[in-house]
There are 2 protein chains.
Amino acid sequence: MSFDLDAYLAERRRAVDAALERFLPAADTPPATVHEAMRYSVLAGGKRLRPILVIAGGEAVGGSMDAVMPTACAFELIHTYSLIHDDLPAMDDDDYRRGRLTSHKVFGEAIAILAGDALVTLAFALLAENASLDVVTEVAQAAGTFGMIGGQVVDIQSEGKSVDADTLEYIHSHKTAALIRAALRSGAILAGASPAALKAIGEAGSSLGLAFQIVDDILDVEGSLAELGKTAGSDRRKKKVTYPEHFGLEASRLKAKVLIEDAKATLAPLGPRAEPIRALADFIFQRRS
Amino acid sequence: MSFDLDAYLAERRRAVDAALERFLPAADTPPATVHEAMRYSVLAGGKRLRPILVIAGGEAVGGSMDAVMPTACAFELIHTYSLIHDDLPAMDDDDYRRGRLTSHKVFGEAIAILAGDALVTLAFALLAENASLDVVTEVAQAAGTFGMIGGQVVDIQSEGKSVDADTLEYIHSHKTAALIRAALRSGAILAGASPAALKAIGEAGSSLGLAFQIVDDILDVEGSLAELGKTAGSDRRKKKVTYPEHFGLEASRLKAKVLIEDAKATLAPLGPRAEPIRALADFIFQRRS
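Residues numbered from 1 in each chain as written. Chains lettered and ligands numbered in written order. Predicted model: local features only at pLDDT ≥ 70, side-chain atom pairs only at ≥ 80, totals over all residues. Heavy atoms only, no water.

Caption draft 1: Fine view of the interface of chain A and chain B. Counting residues at the interface gives 43 residues for chain A and 43 residues for chain B. Contact between chain A and chain B buries roughly 3400 Å² in total, counting both sides, with carbon and sulfur atoms accounting for 80%. Across the chain A-chain B interface, the total number found is zero salt bridges. Linking chain A with chain B are six residue pairs in polar contact (both at pLDDT 80 or more), by the criterion used here. Of all the elements in the fold, those that place two or more residues in the side of chain A that touches chain B are helix H2 (32-42), helix H4 (69-87), helix H6 (109-129), helix H7 (133-143) and helix H8 (148-158) of chain A. Take the side of chain A that touches chain B: its biggest share by element is 12 residues, from H6(A). The residue makeup of the side of chain A that touches chain B, split by class, is 29 nonpolar, 12 polar and two charged. (Contact = heavy atoms within 4.5 Å. Buried area = accessible area lost by both parts, 1.4 Å probe. Salt bridge = Lys/Arg side-chain N within 4 Å of Asp/Glu carboxyl O. Polar contact = N/O pair within 3.5 Å; in protein donor to acceptor, adjacent residues only side chain to side chain. Helix = DSSP H or I, 4+ residues; strand = E, 2+ residues; numbered from the N terminus. Nonpolar A, V, L, I, M, F, W, Y, C, P; charged D, E, K, R; others polar.)

Below you can see the structure in the form of C-alpha cells.
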C-alpha cells in the first residue's frame, strides 16, 4: 500500500492545531490584546509544515507524535513570529498574509511587535517542556543571526540590489532552510536518533528547506492573490532577489527537483520509517500554495 | 568589616562586561550590521544590575560567579532587547537611551527590530549553556505575556489614560519586577538553592523589582538629561502612569523604602551569604541614575 500523504497531513495538522489552541493563552486572558494578536496570527490556518516536520523527524527514528508536540508547536510559534515582524512597515510592509490582514494592520504596530516577541518567548517555554537542552540550543541557533535572522538581515539589505548566486543561496539557506532543518533534527533528537540518523536527517532538512524557498519564489512569480493569500508578485515588486529572477523559472524548478531527490536519497538508510519525510519532500515540490 | 558594595559591583560589572564581549558575535562577523547593532546596545555601559542579581542570587546559596555567567549575560541581553523594542517609534519613540542615540536612530527600524529579536534568541542559547531547563522556563515565563511583555502591553494601553493603583502596580510588577525576580531566582536555582531559600529569594526579588521601578519613576520626575542619559520627564510628557504622579513623590519614596526593608527582612534566614543582595537593595534605593 502506498503512503497516503493527504491523510497523514490532515491527521497531524488537526493534532497540531488542537495543541496550539491549548498552548496559546485564551483570547480573554489579561492582557487580552496581545493574546488575541498571538492567536490571530498563529491560528490563521497555515500548512503547519514545520510542526509536521518535527513529528516526521521523530517518527523517522521510531518516536511518537505526542512526545514531540510542545516542540512541534514551538516551531510554528517561531515561524509565525518571524512572519509578523517581517510584515511590519519597517520591514517588508505587507498588508496581507494567508489571505487576511497582517497583525499590525489589525492590532497596530506596537502590539504586532510585542505579539511577535511574545510568540518567540512562549516557543522557548514550550521547548523547555520537552526537556531537551540540545533542542533549545538547536532552535536558538537556527532562529538566530547564524540562521533565520541572519537570512532576513541580508535579504533586507539586498533589496533593490543585484546580488550574486552565493548571496541568494545565503539568504535562502538561512532565512528559510535553517528552521526547516532544525525542525526535522529536533524531532529526531527528541526521539533519540543515532548520530548517523541525525546527520542524514539534517542533510535532508537542508535540501528540503532550500527547495521549499525556491518553490516559494516560483509560486510568488506565478501566483495570484487568491492562490497565495498574499499579494502575488510582491517579491518582484519589492525588488527582492529570487531564484527565478536570477536563474529563470525552468532552471529554478530543476534545482528544486534535484534538491528534493537529494533529500530522498540521503534518507534511504533510514528505511520505511522515513517515508513521511519523503512524501513531505514531494509535497514541498508539488504544492501550489 | 562592613560590606564594600562599590568594590563588589565594580568587580562583577567588569566580569559581566568581559563575558558579554565574549558571548556576542564580533562586529565584523557576517551578517555584520545586526551584530554591530547588538553590540552597540548591549555594550553601551549599563549598570549590569540584572546579571549582578543573578550572581548575587547564586552566591546567596553558596554558588560561584563563573558558574552562572552565561545565565547572567542572558538577562542583560533580554533586558537590552526589551529596551530596543520599547524605544521604537511605534512604541515609546525615544531617540536617546543611556546617553546615546537609540538603535533605530543609528541602524534604522528594521535592523533595530531584528537586533532585538536576535538578542532574545541568543539569550536562550546562553541559558541552554547553563544546562538548567528550570531556568529556561523561569526566564520564558518572566519575559513573556505573564511577565515583562504583559507589563509593556498594559503600559502602552494605559498611556494618556487615568489608571487606578491596581493597574499601576500590575504594570510595574510585570514590566520590571518579573525579570528582576527571575534574575535572583535563576542564580539561586543554578546554585542548587533549597525550596525555602528559593522562596525567600523570589519574594525579595519581587519587592526589589517593584522598588526599582518606583525609584525609576521618581528619577524620571526629578532627573535631568545629563543624569539619566535619556530625556528626563519623558514619562510625564508621554502621559505614562507613574507612582509619583499617582501617589506623590514622598509617598512613592516611602513605598520604595518599605519594599527595600521587606526584601532585606525576607533574606534574614539566609545569613551573611545574602549580604550582597541586601547591599544591592540599598543601592537600588539610593541610586541617582
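Caption draft 2: Broad picture of the packing of aromatic side chains. Residue and element names in this part refer to chain B. Summed over the entire model, instances satisfying the criterion amount to seven aromatic pairs over all chains. Plain terms: the ring middles of Phe3 and Tyr8 are 5.2 Å apart, the flat faces sit at 55° to each other, and that makes the pair tilted. On the numbers, 5.5 Å between centres and 75° between planes, the contact of Tyr40 with Phe107 is edge-to-face. Here the residue Tyr40 occupies a position in helix H2 (residues 32-42), and Phe107 occupies one in helix H5 (residues 103-107), the gap between them amounting to 67 residues. Each of the two residues, Tyr40 as well as Phe107, counts as buried. Arg100 extends its terminal NZ or CZ atom over the ring of Tyr40, reaching a point 4.0 Å from the ring centre. When the ring centre of Phe212 is taken as origin, the NZ or CZ atom of Arg287, which lies over that ring, is 3.9 Å away. (Phe/Tyr/Trp six-rings, centres within 6.5 Å; stacked < 30°, edge-to-face > 60°. Buried < 20%, exposed > 50% of the residue type's maximum accessible area, 1.4 Å probe, protein only. Lys NZ or Arg CZ within 6 Å of the ring centre and 35° of its normal.)

Caption draft 3: Quick look at the relation of the copies chain A and chain B. The operation relating chain A to chain B is a screw motion whose rotation component is 180°, with 0.0 Å of axial translation and a residual RMSD of 0.0 Å. Taken together, the rotation and translation describe the operation of a two-fold axis. The fraction of interface residues of chain A whose copies in chain B are also interface residues reaches 100%, indicating that both copies meet through the same surface. (Least-squares fit on C-alpha atoms with pLDDT ≥ 70 in both.)

Caption draft 4: Seen up close, the nonpolar core. With 204 residues, the main nonpolar core has A:Met69, A:Leu77, A:Ile78, B:Leu77, B:Ile78 and B:Leu208 as its most contacted residues. Apart from the residues lying within four places of it in its own chain, the contact partners of B:Leu208 are B:Leu53, B:Leu184, B:Ile260, B:Ala263, B:Ile277, B:Ala281 and B:Ile284. (Core = buried A, V, L, I, M, F, W, Y, C linked by side-chain atoms within 4.5 Å.)

Caption draft 5: Broad picture of H7(A). For H7(A), every residue scored as buried is listed here: A:Val135, A:Val136, A:Glu138, A:Val139, A:Ala140, A:Ala142 and A:Ala143. At its buried positions, H7(A) is contacted by H4, H6, H8 and helix H9 (165-190) of chain A together with helix H6 (109-129) of chain B.

Caption draft 6: Broad picture of the environment of A:Ile180. All names here are of chain A. Among the structural elements, Ile180 can be located in helix H9. Look at Ile180 and you get buried, because its relative accessible area is 0%. As for Ile180 and Ala131, which are separated by 49 residues in sequence, their C-alpha atoms are 21 Å apart. When neighbours within four sequence positions are excluded, Ile180 is seen to be in contact with Arg50, Leu53, Gly205, Gly209 and Phe212.

Caption draft 7: Expanded view of a nonpolar patch on the surface. A cluster of nonpolar side chains, A:Tyr96, A:Leu101 and A:Val106, forms an exposed patch at the surface whose accessible area comes to about 240 Å². Structurally, the position occupied by A:Tyr96 is in strand E1 (residues 96-97). (Patch = residues over 30% accessible without salt bridge, like charges linked within 9 Å, V, L, I, M, F, W, Y side chains within 5 Å. Areas by Shrake-Rupley, 256 points an atom, 1.4 Å probe, with all protein chains shown as cover.)

Caption draft 8: Spotlight on helix H15 (residues 275-286) of chain A. Residues and elements named next belong to chain A. Compared with the 16 Å implied by 1.5 Å per residue over 12 residues, the 17 Å span of H15 between its first and last C-alpha is a close match. Pro276, Ile277, Arg278, Ala279, Leu280, Ala281, Phe283 and Ile284 are the residues of H15 that are buried. On its buried face, H15 is in contact with helix H1 (5-23), helix H3 (49-59), H9, helix H10 (195-222) and helix H14 (249-266). (Expected span 1.5 Å × (residues − 1).)

Caption draft 9: Structural context of the pattern of salt bridges. Using the criterion set out here, one finds 38 salt bridges over all chains in the structure. When the shortest N-O distance is used, the salt bridge between B:Glu76 and B:Arg98 registers 3.4 Å. Within this pair, whereas B:Glu76 is found in helix H4 (residues 69-87), its partner B:Arg98 is found in the loop between strand E1 (96-97) and strand E2 (100-101), the two being separated by 22 residues in sequence. B:Glu76 gets classed as buried once you look at its relative accessible area, which sits at 1%. Within this structure, A:Asp17, A:Arg48, A:Glu76 and A:Arg98 form a network of salt bridges that share partners.

Caption draft 10: Summary view of empty space enclosed by the protein. Scanning all chains against the criterion turns up three cavities of 30 Å³ or more. By volume, the largest cavity amounts to about 140 Å³. As for the largest cavity, its lining consists of 13 residues, of which B:Ser41, B:Ile84, B:Asp87, B:Arg97 and B:Ser103 are closest to the centre. Put simply, the parts of the chain that give the lining of the largest cavity at least two residues each are H2, H4 and E2 of chain B. Broken down by element, the lining of the largest cavity gets its largest block of residues, four residues, from H4(B). Classifying every residue of the lining of the largest cavity by side-chain character gives five nonpolar, four polar and four charged. Space inside the second largest cavity adds up to approximately 120 Å³. Around the second largest cavity, the lining comprises 13 residues; the ones closest to its centre are A:Ser41, A:Ala44, A:Ile84, A:Asp87 and A:Arg97. Of all the secondary structure elements, the ones that give two or more residues to the lining of the second largest cavity are H2, H4 and strand E2 (100-101) of chain A. No other element matches the four residues that H4(A) contributes to the lining of the second largest cavity. (1 Å grid on protein atoms, 1.4 Å probe; cavity = no way out; pocket = protein on both sides within 12 Å on 5 of 7 lines; lining within 4 Å. Points joined across faces, edges and corners; volume = space filled by probe spheres on them.)

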